[in-house]
Amino acid sequence: MKKSIYLSVFILAMYFNAFSQDYYYIPDSKKSKSDTTKNESKTVLRIKGGLNLSNQFERDDEEIYHGSLIKPGFHLGITTEFQFSEIFSFETGLLISTKGYRYDYQSFYGDIRDLTYFKSIGSVNLVYLDIPLMVKFYFNPKAPQKLYGILGSYISVGIGGTDKGKDTDLDDGSIEKFSNNITFGYNDEAWYNLFDFGLIAGIGADFNRYQIGLAYNFGLISIDDYFDDGYVIKNRVLQLSVAYKF
């Protein structure tokens, strides 16, 4: 898993370095024979971060489960936008992004003649490396403050996480705290699959140096390798972002 993460970081670092220079279109009438300026798309680098509100969609063939609660988190990283025209561009990047959910439920264990009832409160905290792949379109490109929409997909690699919480015995009031490390992969010890994939849709505003955006990440594939009875569990994340242009 570590080799996959290092390789992803290296490839994207080389990618950003290759396109870290801005290119502007210069009309032919203003060019001279000695002008070596390239007539290419403009490339913009940004640092991006903000709030994540994550949850998980869980169901099987018989029902949809509603036990998970929204968990706040964050995302932070670097994006690159390739502007092909005043209206359309393509954006990608590399972001550290937290996902998962909170839970608060009551249950029981033991023999039917001697049941122990307890309340469990905690959160599943997942950390991913996200690679967004988005088409961006500007509604009013001539305005000082431009509005835009985004539509695309993302690829994620799970890099770690924890399941933290506490169990309260409802009979005697005793409390037991717990913290478990979460692993990703495709073996019996892994909690979740290594990769996630889904769709992204959102809107935002561009203020030259700054951008503010709201996007929804809709997981398409199950992150659990248990598929009996049609069982699936998918990530859902609402993101509020602020980005600064270098």
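Residues numbered from 1 in each chain as written. Predicted model: local features only at pLDDT ≥ 70, side-chain atom pairs only at ≥ 80, totals over all residues. Heavy atoms only, no water.

### Considering the overall build of the chain
Here comes step 1: Of regular secondary structure, the chain possesses 1 helix and 11 strands.
Here comes step 2: When the helices and strands of the chain are placed in sequence order, the string is α-β-β-β-β-β-β-β-β-β-β-β.
Here comes step 3: The burial tally for the chain puts 41% of its 246 residues in the buried class.
Here comes step 4: Contacts in the chain between residues far apart in sequence, at least 24 positions, make up 62% of those at least 6 positions apart.
Here comes step 5: As displayed, the chain has an accessible area near 14500 Å², and 60% of this comes from carbon and sulfur atoms. (Helix = DSSP H or I, 4+ residues; strand = E, 2+ residues; numbered from the N terminus. Buried < 20%, exposed > 50% of the residue type's maximum accessible area, 1.4 Å probe, protein only. Contact = heavy atoms within 4.5 Å. Areas by Shrake-Rupley, 256 points an atom, 1.4 Å probe, with all protein chains shown as cover.)

### Observations concerning the pairing of strand β4 (residues 71-83)
Here comes step 1: With 13 bridges joining them, strand β1 (residues 42-59) and β4 adopt antiparallel strand pairing. Within β4, the residue paired with L53 across the bridge is P72.
Here comes step 2: With 9 bridges joining them, β4 and strand β5 (residues 88-109) adopt antiparallel strand pairing. For L76, the partnering residue across the bridge sits in β5 and is I96.
Here comes step 3: As consecutive antiparallel partners, β4 and β5 are separated by 4 residues. (Pairing = 2+ DSSP bridges.)

### Regarding the nonpolar core
Here comes step 1: Residues V124, L126, I182, F184 and Y192 are the most contacted members of the largest nonpolar core, which totals 13 residues.
Here comes step 2: Per-element tally for this core: the top contributor is strand β6 (residues 116-138), with 3 residues.
Here comes step 3: Discounting chain neighbours no more than four positions away, the residues touching V124 are K71, K99, G100, Y101, Y103, T162, D163, I182 and Y192.
Here comes step 4: Within the second largest apolar cluster, 7 residues are counted, among which are M134, Y138, I150 and A215. (Core = buried A, V, L, I, M, F, W, Y, C linked by side-chain atoms within 4.5 Å.)

### Points about the confidence of the model for the chain
Here comes step 1: Within the chain, residue pLDDT values average 85, and 82% of them lie at 70 or more.
Here comes step 2: Note on residues 1-5: pLDDT under 50 across the span, and 7 contacts to partners over four residues away in sequence or across chains.
Here comes step 3: Low pLDDT, under 50, characterises residues 18-39; the predicted model gives this stretch 20 contacts beyond four residues in sequence or across chains. (pLDDT = per-residue confidence, 0-100.)

### Side note on the packing of aromatic side chains
Two aromatic rings are characterised by how far apart their centres lie and by the angle between their planes.
Here comes step 1: Summed over the entire model, instances satisfying the criterion amount to 9 aromatic pairs.
Here comes step 2: On the basis of an interplanar angle of 55 degrees and a centroid distance of 6.2 Å, the ring pair of Y101 and Y103 is categorised as tilted.
Here comes step 3: Accessibility expressed as a relative area gives 8% for Y103, which makes it buried.
Here comes step 4: Where Y128 meets F184, the ring centres are 5.3 Å apart and the plane angle is 65 degrees; that geometry is what we call edge-to-face. In this pair, Y128 sits in strand β6 while F184 sits in the loop between β8 (175-182) and β9 (195-207), placing the two residues 56 residues apart along the sequence. Just as Y128 is buried, F184 falls in that class too.
Here comes step 5: A network of ring pairs unites the aromatic residues Y101, Y103 and Y105 as a single cluster.
Here comes step 6: Geometry around Y148 places K136 over its ring, the cationic atom sitting 4.4 Å from the centre. (Phe/Tyr/Trp six-rings, centres within 6.5 Å; stacked < 30°, edge-to-face > 60°. Lys NZ or Arg CZ within 6 Å of the ring centre and 35° of its normal.)

### A closer look at a negative patch on the surface
Here comes step 1: On the surface, D61, E62, E63, D228 and D229 cluster together to form a negatively charged patch.
Here comes step 2: Of note, D61 is situated in the loop between β1 and β2 (64-65). (Patch = residues over 30% accessible without salt bridge, like charges linked within 9 Å, V, L, I, M, F, W, Y side chains within 5 Å. Salt bridge = Lys/Arg side-chain N within 4 Å of Asp/Glu carboxyl O. Lys, Arg positive; Asp, Glu negative; His and termini not counted. Charge placed at Lys NZ, Arg CZ, Asp CG, Glu CD.)

### Some remarks on unusual backbone geometry
Peptide bonds are mostly trans, and most non-glycine residues show a negative phi.
Here comes step 1: Notably, N208 is not glycine yet its phi reads approximately 70 degrees, a positive angle.
Here comes step 2: Its location among the elements puts N208 in the loop between β9 and β10 (210-219).

### Focus: the environment of I78
Here comes step 1: Within the secondary structure, I78 sits in strand β4.
Here comes step 2: Since its relative accessible area comes to 33%, I78 is described here as partly exposed.

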